[in-house]
Number of protein chains: 2
Amino acid sequence: MTARPFTPALDILKQAKLRPTRQRLALTRILFGRGHRHVSAEQLHGEALAANVRVSLATVYNTLHQLNRLSLLREVVVEPGRSYFDTNMADHHHFYFEDHARLEDIPAERVILSALPEPPAGTRVRRVDVVVRVGSDKD
Amino acid sequence: MTARPFTPALDILKQAKLRPTRQRLALTRILFGRGHRHVSAEQLHGEALAANVRVSLATVYNTLHQLNRLSLLREVVVEPGRSYFDTNMADHHHFYFEDHARLEDIPAERVILSALPEPPAGTRVRRVDVVVRVGSDKD
DNA sequence: GTGATTGCAAATCTTTTGCACTAAA
DNA sequence: TTTAGTGCAAAAGATTTGCAATCAC
């Protein structure tokens, strides 16, 4: 039993055809090593440094954008001036805690969109984002 | 007939208890004078200057945030690094044209959310945003 | 008058870029 | 080797801030 629950970072990068450099390996491990995450670039950079991995912020951005482009990650925009990157690529939505600037997944099946408009002529739907913005009870 | 279709800027500001300064009057007129708008701060500033209204960008931001706080406006975040302000406060949603960085309203009745999760304990739902991201057909 | 509002310029914050250096294949 | 990847520091954008000057009441 006890099969390895996550794809090793090396395999992820190989499949993505990205060179498994020391930095990318470390970042990939942090991102995909332990369940799903919502991180900002700054956060990820901080975690890497905390784990004694020397990486520049520029490389963190490069890596995040590469993973995003390859659909291993998705960028979630809920706040002006800061992006979050979500490692959960399954169809799902988000709670956004405005008071704490924190995201939390809502499984796809808990949101039922029983009607959506046709996309305007010449366009197709790339994604439908549902963000449930929540805040403290008392105000 | 031909009743005035929009609330005059002066009345809007009075109701909001904001001093009707020259700048605020002009911005309010641009924002609410002719149907609903989706504008960035930079855009609004440009339109004001084009209309020969001397306003600083700082004042544009001040005013937008004041109107947002007073619920005369709502900030829509769909893209990292730029905010849009939507003068339509009716319940509705948005198309976002990724290729043109443009927003378009979707009337509330065209999106049916027939299931939504309970907000986590201690929180209440402030808003539910649905963004349908569309792009060109051909790619 | 006097307190709110404004403008300006500087500061801040996130993200991007240019380019010389380093490392994977 | 050869070319992708990295780090650094500078640049770019959007937004915010501090404070003296100005305006509405």
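Residues numbered from 1 in each chain as written. Chains lettered and ligands numbered in written order. Predicted model: local features only at pLDDT ≥ 70, side-chain atom pairs only at ≥ 80, totals over all residues. Heavy atoms only, no water.

Trainee: Could you clarify how one ought to interpret the domain arrangement of chain A in this entry?
Mentor: Accessible area lost on assembly of the parts is the figure often given for the size of an interface. Residue and element names in this part refer to chain A. Its domain assignment divides chain A into domain 1 (7-83) and domain 2 (90-134). Measuring from the centre of the C-alpha atoms in domain 1 to the corresponding centre in domain 2 gives 23 Å. Contact with domain 1, which involves six residues of that partner, is made by twelve residues of domain 2. Carbon and sulfur atoms make up 50% of the area that domain 1 and domain 2 hide from each other, which totals about 840 Å². It is His38, Arg74 and Val78 that lose the most area in domain 1 upon contact with domain 2, and together they represent 72% of the buried surface on that side. On inspection of domain 1 and its partner domain 2, the count reaches one salt bridge. Top contributing element to the side of domain 1 that touches domain 2 by residue count: strand E2 (residues 74-79), with five residues. The residue inventory of the side of domain 1 that touches domain 2, partitioned by class, reads two nonpolar, one polar and three charged. (Domains from an automatic or database assignment. Contact = heavy atoms within 4.5 Å. Buried area = accessible area lost by both parts, 1.4 Å probe. Salt bridge = Lys/Arg side-chain N within 4 Å of Asp/Glu carboxyl O. Helix = DSSP H or I, 4+ residues; strand = E, 2+ residues; numbered from the N terminus. Nonpolar A, V, L, I, M, F, W, Y, C, P; charged D, E, K, R; others polar.)

Trainee: Looking at this structure, how should I read the layout of surface pockets?
Mentor: Empty space left among the atoms is revealed by rolling a probe the size of a water molecule over them. Considered as a void within the structure, the largest pocket measures approximately 520 Å³ in volume. In terms of lining, the largest pocket is formed by 20 residues, of which the most central are A:Glu98, A:Arg133, B:Asn68, B:Glu75 and B:Arg127. Among the elements that make up the lining of the largest pocket, the one with the highest residue count is strand E2 (residues 74-79) of chain B (three residues). Per-class residue counts for the lining of the largest pocket are eight nonpolar, four polar and eight charged. Here the second largest pocket is characterised by a volume of approximately 430 Å³. Listed by contribution, the elements that provide at least two residues to the lining of the second largest pocket are E2 and strand E7 (123-136) of chain A together with E2 of chain B. Residues that form the lining of the second largest pocket fall into these classes: five nonpolar, two polar and eight charged. (1 Å grid on protein atoms, 1.4 Å probe; cavity = no way out; pocket = protein on both sides within 12 Å on 5 of 7 lines; lining within 4 Å. Points joined across faces, edges and corners; volume = space filled by probe spheres on them.)

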